[in-house]
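# Commentary on secondary and tertiary structure
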Amino acid sequence: MKVKEKVFFNRHGKAVLRLRGAVFYDFMGKPRGFLIGKTVYGNDGQHRGFLVRNVLWDRKGRIVGFMFGAKVPEVKFPLVQFPPVPYKDQPEPDPPPNIVDLECPTLIPKWSIMPLENFLV
């Protein structure tokens, strides 16, 4: 069965991350983190942010990335660039222990100072 893939773009419209099932991958095929409910974690188990309404938000509720078609009042998302062809994905890692879906903070319709490229490193 083929897993549906979601592509996330940075503030400039460049494709940076892909979500396959509950695992985030970069376009080199390296696993970068996990989605548990709406909560995003890095491979190290560190809480990084949230995925709400097709938008990636940092821990403080600011925007770090988006999927095509995302809409947030007061925010104009850039045109997206055609994503690169991904390399073959590395095996899906096991999620770190004790990661849970957390309560999302109030979302602020502004871009975070954190670039999406650094969100899951």
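Residues numbered from 1 in each chain as written. Predicted model: local features only at pLDDT ≥ 70, side-chain atom pairs only at ≥ 80, totals over all residues. Heavy atoms only, no water.

## A look at unusual backbone geometry
Selection criterion: Runs of E in the DSSP output that reach at least two residues are strands. Runs of H or I that reach at least four are helices, and both are numbered from the N terminus. In this scheme, a residue with accessible area under 20% of its type's maximum is buried, one over 50% is exposed, and one in between is partly exposed, where area comes from a 1.4 Å probe on protein chains only.
The phi dihedral of Glu74 falls on the positive side, at around 75 degrees, and the residue is not glycine. The residue Glu74 is located in the segment after strand 8 (63-66) in this model. One non-glycine residue, Asn98, lies in positive phi territory at about 65 degrees. Relative to the elements of secondary structure, Asn98 occurs in the segment after strand 8. The exposure class assigned to Asn98 is exposed, which follows from its relative accessible area of 76%.

## Some details on a positive patch on the surface
Inclusion rule: Patch membership requires more than 30% relative accessible area and the absence of a salt bridge. Residues of like charge join within 9 Å; the nonpolar side chains Val, Leu, Ile, Met, Phe, Trp and Tyr join within 5 Å. For every accessible area listed, the method is Shrake-Rupley and the probe measures 1.4 Å; residues are considered covered only by the protein chains on display. Each salt bridge in this description consists of a side-chain nitrogen of Lys or Arg and a carboxyl oxygen of Asp or Glu lying within 4 Å of one another. In this tally, Lys and Arg are treated as positive and Asp and Glu as negative; His is ignored, and so are the chain termini. In plain terms, the charge of a residue is placed at NZ if it is Lys, CZ if Arg, CG if Asp and CD if Glu.
Together, Arg59, Lys60, Arg62 and Lys110 make up a region of like positive charge exposed at the surface. Within the element layout of this structure, Arg59 appears in the loop between strand 7 (55-58) and strand 8. Take Arg59: its relative accessible area is 43%, and that puts it in the partly exposed class.

## Overview of the environment of Pro93
Tracing the chain through its elements places Pro93 in the segment after strand 8. In the structure, Pro93 is positioned 50 residues away from Asn43 in sequence and 8.4 Å away in space, judged by C-alpha atoms.

## Focus: the nonpolar core
In globular proteins that are soluble, nonpolar side chains generally tend to be buried together. Operational definition: As used here, the term nonpolar core means buried Ala, Val, Leu, Ile, Met, Phe, Trp, Tyr and Cys residues forming a set that is joined through side-chain atoms within 4.5 Å. Contacts are assigned to residue pairs with any non-hydrogen atoms lying within 4.5 Å of each other.
In this structure, Val55, Trp57, Ile63, Val72 and Phe77 are the most contacted members of the largest nonpolar core, which totals 15 residues. Among the elements of the structure, strand 1 (5-9), strand 6 (47-52), strand 7 and strand 8 are those that each provide at least two residues to this core. Setting aside residues up to four positions removed in sequence, Trp57 forms contacts with Arg48, Gly49, Phe50, Val52, Arg62, Ile63, Val64, Val72, Leu107, Ile108, Pro109 and Phe119. Ranked by size, the runner-up nonpolar core spans 14 residues in total, among them Leu17, Leu35, Leu51 and Val64.

## Re the pairing of strand 4 (residues 31-36)
Test applied: Any two strands with at least two DSSP-identified bridges between them are counted as paired.
Inspection of the sheet shows strand 3 (residues 23-25) paired to strand 4 by three bridges, in the antiparallel sense. Directly across from Tyr25, in strand 4, lies its bridge partner Pro31. Connecting strand 3 to the antiparallel partner strand 4 that follows it, the hairpin turn spans five residues, and Gly29 within it adopts a positive phi of roughly 90 degrees. Bridge analysis of strand 4 against strand 5 (residues 39-42) gives four bridges, and the strand direction is antiparallel. Residue pairing in the sheet places Phe34 in a bridge with Tyr41 of strand 5.

By themselves, these observations are geometric and do not establish any function.
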